[in-house]
Every structure is written in structure tokens, then in C-alpha cells.
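Examining the three-dimensional arrangement
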Amino acid sequence: MILQFPSPYPDELLYSVIARYHIRAGNLFWKHTLDDLFGKRTTCATVFLPSGIRSLVQRLPQNTTLTEQELIEKHTMYPFYTVFLPTEKAQSIYEAMMSDDGRKIYMQSGMMASAIPQNQYLKYCPSCFQEDFTKYGELYWHRLHQLPGNLICTKHELWLEDSTVPITHSNKHAFILPTISNCDLTKERRISGNILQQLKDIALKAELLLNGHFKNQSFFHFTEFYHYHLIEKGFASFNGQVKQKELHEAFYNFYSEELLKNLYIEVGETKWLANFSRKHRKSFHPYYHLLMLNFLGLDVDEVFKETSFEQNPFGCPNWPCLNAVCPDYKKNVIKNVTIRRCETTKKPIGRFTCPTCGFSYTRKGKDHNKDDRYKFTRIMDFGFLWEKELQSLLKDGLSYREVARRLGVDTNTVIKYEKIIGDENVPVKRIHKDNDSIQKQRNEWIQLQKDFPNLSKAELRKKKPGVYTYLYRHDRDWLNMNSPESKMRVAKLTKNRVNWQERDQKVLKRVQNAAKKLEVNGEKPIRITVKSLGDAIGERALLEKHLDKLPKTKSFIEQVWESEQDFRLRRVKHAVQKMVEEGESIKVWKVMKKAAIRSEYYDEVKEILQPFDK
């Protein structure tokens, strides 16, 4: 048991706390420190996402107040790199950090596959260090300063500086403290211009991710969230089409080239932005989320709120007819709405048309409550029933005011349409020339269905083709609504439903077994993907087309799915293992050849190959 362990300073990396313990314990060798803290000498000095936290806490003094949760959430980079991951994957990383085996941590977090690289050296703010020395009598590494990219200290508005301490040290067991020999405290570079505020905004949002307690959400949630707000800003249509060119231009006009370069984001690059605005099938680096949130004018906490994002601003179908003389008045008979965006206000405009009477109206702006469904912005077409009723009321000699009251319009509208209908020289827009004929044909079609209740729409058509043709040409919406359902559609609806929950459980077990076999494949490694897992269990089409209906299976696949970089690392490990088993001398070039790794990917696998690079 450890008799004395340093209390962590505010925002101090656990890496830094261990370095301070090493000095205070008076240990000459790093392996003695590892033995004290973790009970084994093979633990690596990891800056961002260390493992062995449970073993460390178990060896702390009995009266300590430090817990595994506090060390992970307040003194590692865990909150930053897992906040945008699904709950299952974040929990898996958490458990790996608790355990003594941290081999999969960096792969699962997406750090190794990210296009945004990590810094090569630990960073610091000279003014923060001077304050730390005055207050505590020593220096320590701050978490916030280790975010990737060339960022700033938001407190002192200075550029963060590179120390001479590498993130990946030549001695993988060494925990190095900041000192005046490896950090130049006299070096202070102030920031000026627009870049200061932009960098400050990003750094402050990143600090919220580090210190906040946000609930992890699914990839589906992020897809819905960003799509909803892209629609709100006019960068996507209501049917799901993203206007990639407009989004790309607006995004790169919003941010300065200098800011993006400081965050290691290639200026003008379209691939990540296009993928980000589509369906989220994998995790994205937190910087991408922060940049998009900032671009959309949203706060960090908004993306984690549990809410449903209604993409149709006018709610779900069906919608009511608002024609006062229609037999379906205020009944939900309108199944479809066409939506466009107002060129001036950018608000959505929906157009609704009643299939019974032809009454058509628009509504601008999304619904805010249930009563908004019974309001309209503008009437586009009163329909044939309204015109017929207008003529009838006028023939009865009623006053304009009374006619207006019965039709649900104002007096001026009655006067206007009286002139239009009465003027033979003005073409009047009519849906039907002879309303009596329409009703007669309707009655015949309904009677035909009563006489032959088991016939389909096509079979009824053969019985009375003239009735069908007339209604199809003059009253198609009514015909479609008052005809028998398609037999194929009925068959689909009556078909036995799949128990997806039960299928999910069965498929999950098969996928888990397949994943284990792929991982331990003794011959040639196969990359773990949806395709390879589907081929292994003989259900490739099921996984590719219906994975969203198998949530447990989907969650598991997201955990074991390998990126191309993950697969390269596994191939290297497999090649080394085979060479050891066969007693073959291990050389870097042999491993690269056996694992089929091209030379340009050496940097990705060099950590594994370093022991053999002699």
C-alpha cells in the first residue's frame, strides 16, 4: 500500500500526479514507482487515456478520498474523447481504463483513426506555470493545455507552448514533470486580431466538454440533431437532401483559414463535412462537433439534450380540411403536404389540399401548438364545392355579409368571386364542369364495390371501365381514397410480423462468435466489418439492410468494427506473433512485408515495431 500519494491539483493530468509521486517517493527507477502504484512493472506512461486506475486506487492510503471515477473524469482526457461516443462504447473505454489491459482504448476512442493528429509534445502556458509555482511551489501538467492543435490559454490569452517532453517518450515507463529546463517560462506570445476570439470560443467549448457531465447519445441522435438544425438554417431540404455545395461554401467562409490550420483541419476539405452532415455511422472527432455547433450558432449542451427532432414543421399527417362547407370540415383527411421555404423569411411554407372538395391553403412557419393545425396563412384555391355553395347562396338572395359568414370568409372575398363567376369572359378555374355528373359517377363506383366486395380495384375497373375512367380523369383523389386496398399491400400488412427483439438476441450471439473467430484467425487476418461478420454468419443482407432494427447487434458491431488503421495494427501484431511462434528473427522490414503494410503507414504502426527497430 502507498503511504503517501500527492493530492491532484485543479485540472492536473494523472500522468503529472504520478510524476510528482515518483519524485516524492525518492525512487531511483521508474519500475519501482510502477510497482508501488500498479503492482506490476509493465504499465506504460500514458498521457491521455491511461489504464490500471482500479489497481492504483486499491493501493492508495485507506483514508484517501480519491476514487476511480474522480481520477478518470477529472484528471484524464476521457470526458473529451468519449463525450460524442454512444453509451456502450464510452462505457467500454471506461472499463478498459479501470482494468490493467488498455490495449484497445485508443482504437475504441477513435484517436488513432482520426484525421486530426495528437500533439507531439506536452504543452504549457508560461503564465499559468508562473502562477502554479507561486501558489504550489511546483509545476504540473494541465489537462486543458493538452488538447490537440495550436490552441491558446483562455485565461491569459497566450499561445500554448511546446515543452521538450514528448507525448510518446523513448522510455515508455517514464512520467516526466514540467521543469524550467524542459519548459521556457520566459516565452510569452500574445495573440491579436480575429483569430483570438475564434480560438477562444473553440477552447472554451472544449473546456466544457472536459469539465461537463453530459449524457452520451447514440449516433442516430446526432444524425437527427444536425439534420434538424441544417434544415432550420436552410442547408437541407425537408425530404433529407443536404445542400452540400452551399453548406461547404458557408462553412469555410465562416471560419478563417488560420483557425482551421491551428486545429489541424485541412482548409476546403469536403469529405468530412459531407459525411458529418449525413447519417452518423461512426464517431467524429470532438473538434468537428465543436466547429459545427459554433457554425450553427448552438451551445455545447444543446446537442446532448434528449428531445425528438420533428423534421416536418407542420407535424405528422393527416391534416384537416379548413373549408367550412366541406363535409370533411376540420377532419384529418389531407394525407400529404408540399413544403418549400420562403425566399425572404426562410420560414417553411406548407401547402395542403383537401381530396374531397379541392380546397387548398398554405401555412407559413412551423406549428407551435395543436391549435396551429386549424389555421392558414393564405387560401390558394377554394375548390368546386365552395364555388357551388357560393352560387347557391347568392341565388337565394342572401346578403353578402350572411354569405361570407356561412362560407367562413370576409365580405370582400364574396364580392370578388361573384364577379369572377358571373363574368363569362373571365376563365374561372374549375375542377369539375358538372358536379351532378361527378356525384353520379361516385355513387356508381361505391355501389359497384357493394355488389362485388371481394374484387380488387383493377377487377372493378374491368366491370365498369367508363365509370373508372371518368373518375380517374376528373376526381382522382376521391377515387384513390374510395377504392379497395391493393391485395399486395394487404398481404404485406397481414403478413406475420418479425419479432426483431428475438432475432436481435439470436443474431447477436452468432455475430459475437464470428467476431471471436475473426480475431483469433490463425492463418490470414480478416478485417472485422459489417460485411465480414455478415458473410461469416451467412446473413450479410440482414446486417447491411436491417441493422437499425437490431440495436444490440449494432452496438456490439460498433465496438468491434475495425477501421483500416485498426486492421493494419492487428496485422502487424499477428505477423509478429507468427514469427515468434516459428522462431523467425524479427526485423521491421520482415514484419512490414509479412503484414502487407506499405511504407507510408509506418508511423501508424511504429509504436509496435519500435522494440525491433535496431
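Procedures and definitions
- Residues numbered from 1 in each chain as written.
- Predicted model: local features only at pLDDT ≥ 70, side-chain atom pairs only at ≥ 80, totals over all residues.
- Heavy atoms only, no water.
- Helix = DSSP H or I, 4+ residues; strand = E, 2+ residues; numbered from the N terminus.
- Contact = heavy atoms within 4.5 Å.
- Lys, Arg positive; Asp, Glu negative; His and termini not counted.
- Charge placed at Lys NZ, Arg CZ, Asp CG, Glu CD.
- Phe/Tyr/Trp six-rings, centres within 6.5 Å; stacked < 30°, edge-to-face > 60°.
- Buried < 20%, exposed > 50% of the residue type's maximum accessible area, 1.4 Å probe, protein only.
- Lys NZ or Arg CZ within 6 Å of the ring centre and 35° of its normal.
- Salt bridge = Lys/Arg side-chain N within 4 Å of Asp/Glu carboxyl O.
- Axes fitted to C-alpha atoms, helices over the stretch in contact; angles between N-to-C directions.
- Parallel < 35°, antiparallel > 145°, perpendicular 65-115°, else oblique.
- Left-handed = near helix turned anticlockwise from the far one by under 90°.
- Nonpolar A, V, L, I, M, F, W, Y, C, P; charged D, E, K, R; others polar.
- Disulfide = S-S within 2.5 Å.
- Core = buried A, V, L, I, M, F, W, Y, C linked by side-chain atoms within 4.5 Å.
- Pairing = 2+ DSSP bridges.
- pLDDT = per-residue confidence, 0-100.
- Patch = residues over 30% accessible without salt bridge, like charges linked within 9 Å, V, L, I, M, F, W, Y side chains within 5 Å.
- Areas by Shrake-Rupley, 256 points an atom, 1.4 Å probe, with all protein chains shown as cover.

To continue, consider the overall build of the protein. Counting secondary structure elements, the protein contains 29 helices and ten strands. With the C-alpha coordinates aligned to their principal axes, the bounding extent of the protein is approximately 110 × 60 × 50 Å. Taking contacts inside the protein between residues at least 6 apart in sequence as the whole, the part at least 24 apart equals 64%. Each charge sign in the protein was given a centre, from 98 positive and 76 negative side chains, and these centres are 6 Å apart.

If you walk through the whole model with that rule in mind, you get 39 aromatic pairs. For the pair Y124 and F129, a centre-to-centre distance of 5.3 Å together with 10° between the ring planes defines the contact as stacked. Exposure class is identical for Y124 and F129. Each is buried. Their ring planes at 15° and their centres at 4.7 Å tell us that F214 and F304 sit as a pair that is stacked. With a gap of 90 residues between them, F214 in the loop between α9 (194-211) and α10 (219-232) and F304 in the loop between α14 (286-295) and β5 (319-320) connect regions that are remote in the sequence. Each member of the aromatic cluster is reached from another via a ring pair, and the members are F225, Y226, F235, F251, Y252, F254, Y255, W272, F276, F284, Y288 and F295. One residue, R476, lies across the ring of Y472, its end atom 4.0 Å from the ring centre. Lying across the ring of F567, R571 places its NZ or CZ 4.8 Å from the centre.

Under the criterion given, the structure shown has 26 salt bridges. Note that K155 is salt-bridged to E131, the shortest N-O span being 2.8 Å. Linking K155 in the loop between β2 (152-153) and β3 (158-159) with E131 in helix α8 (residues 126-136), this pair joins segments that are 24 residues apart in sequence. With a relative accessible area of 59%, K155 lands in the exposed category. Between K279 and D548 there is a salt bridge, and its shortest N-O distance comes to 2.9 Å. Separated by 269 residues along the polypeptide, K279 in the loop between α13 (271-276) and α14 and D548 in the loop between α25 (540-546) and α26 (551-560) bring together distant segments of the chain. By relative accessible area, D548 is classed as partly exposed at 48%. Several salt bridges converge on common partners, so that one network encompasses E12, R20, R24 and E138.

It is worth spelling out the packing of helix α1 (residues 14-25) against helix α2 (residues 30-38) at this point. The contact between α1 and α2 brings their axes to 10 Å, and the two run at 115°. In terms of orientation, α1 lies roughly perpendicular with respect to α2. Here α1 and α2 pass one another in a crossing that is right-handed. Residues I18, Y21 and H22 of α1 form the contact with α2, whose participating residues are W30, T33, D36, L37 and F38. By residue class, the composition of the contact of α1 with α2 is five nonpolar, two polar and one charged.

With respect to the helices and strands, N412 occurs in helix α17 (residues 411-422). Residue classification places N412 among the exposed positions, given a relative accessible area of 59%. Spatially, the C-alpha atoms of N412 and E257 are 58 Å apart, while their sequence positions differ by 155 residues.

Moving on: the state of the cysteines. Within this structure, the stated rule accounts for zero disulfides. C153 provides the cysteine sulfur closest to C125, a residue in no disulfide bond, and the two sulfurs are 3.6 Å apart.

Bringing the nonpolar core into the picture now. In globular proteins that are soluble, nonpolar side chains generally tend to be buried together. Residues F5, Y15, L56, W141, L147 and Y226 are the most contacted members of the largest nonpolar core, which totals 102 residues. Setting aside chain neighbours within four positions, we find L56 in contact with I2, F5, L14, L37, F38 and L71. Judged by nonpolar contacts, the second largest core, of 24 residues, contains C321, V333, F359 and A404.

Every α-helix carries 3.6 residues per turn, so stepping three or four residues along brings you back to the same face. For helix α24 (residues 530-537), the complete set of buried residues consists of S532, L533, G534 and I537. Contact partners of the buried residues in α24: α23 (500-519), α25 and α26. At the exit of α24 stands G538, carrying a positive phi of roughly 70°.

Read from one edge to the other, the open sheet built from four strands follows the order β7-β8-β9-β10, with strand pairing classed as antiparallel. Each having just a single partner strand, β7 (338-341) and β10 (378-381) make up the two edges of the open sheet. Sheet twist, expressed as the mean angle between neighbouring strand axes with direction ignored, is 25°. Note that strand β8 (residues 348-353) and strand β9 (residues 360-364) share five bridges and pair antiparallel. Counterpart to I349 in the pairing with β9 is K364.

Two elements in contact, α23 and α24, have axes separated by 9 Å at closest approach and are oriented at 105°. By the angle class used here, α23 and α24 are roughly perpendicular. Where α23 approaches α24, its residues V507, R510, V511, A514, A515 and L518 are matched on the opposing element by S532, L533, A536 and I537. Residue composition of the contact of α23 with α24, by class: eight nonpolar, one polar and one charged.

Residues with a pLDDT of 70 or more make up 93% of the protein, whose mean pLDDT is 85. No element of the protein has a lower mean pLDDT than helix α22 (residues 487-494), at 52, and none a higher one than strand β1 (residues 121-124), at 96. Taken together, the stretch residues 424-433 has pLDDT below 50 and engages in 17 contacts with residues farther than four places along the chain or on a different chain.

A contiguous patch of positive charge, built from R340, K347, R351, K364, R378 and K416, is present on the exposed surface. A relative accessible area of 37% places K364 in the partly exposed class.

One can find E12 in the segment before α1. The exposure class of E12 is buried, given its relative accessible area of 0%. Sequence separation of E12 and G52 is 40 residues, and the distance between their C-alpha atoms is 18 Å. In this view, E12 contacts S7, V17, R20, K74, H75, Y140, W141 and R143; residues no more than four positions away in its chain are not counted.

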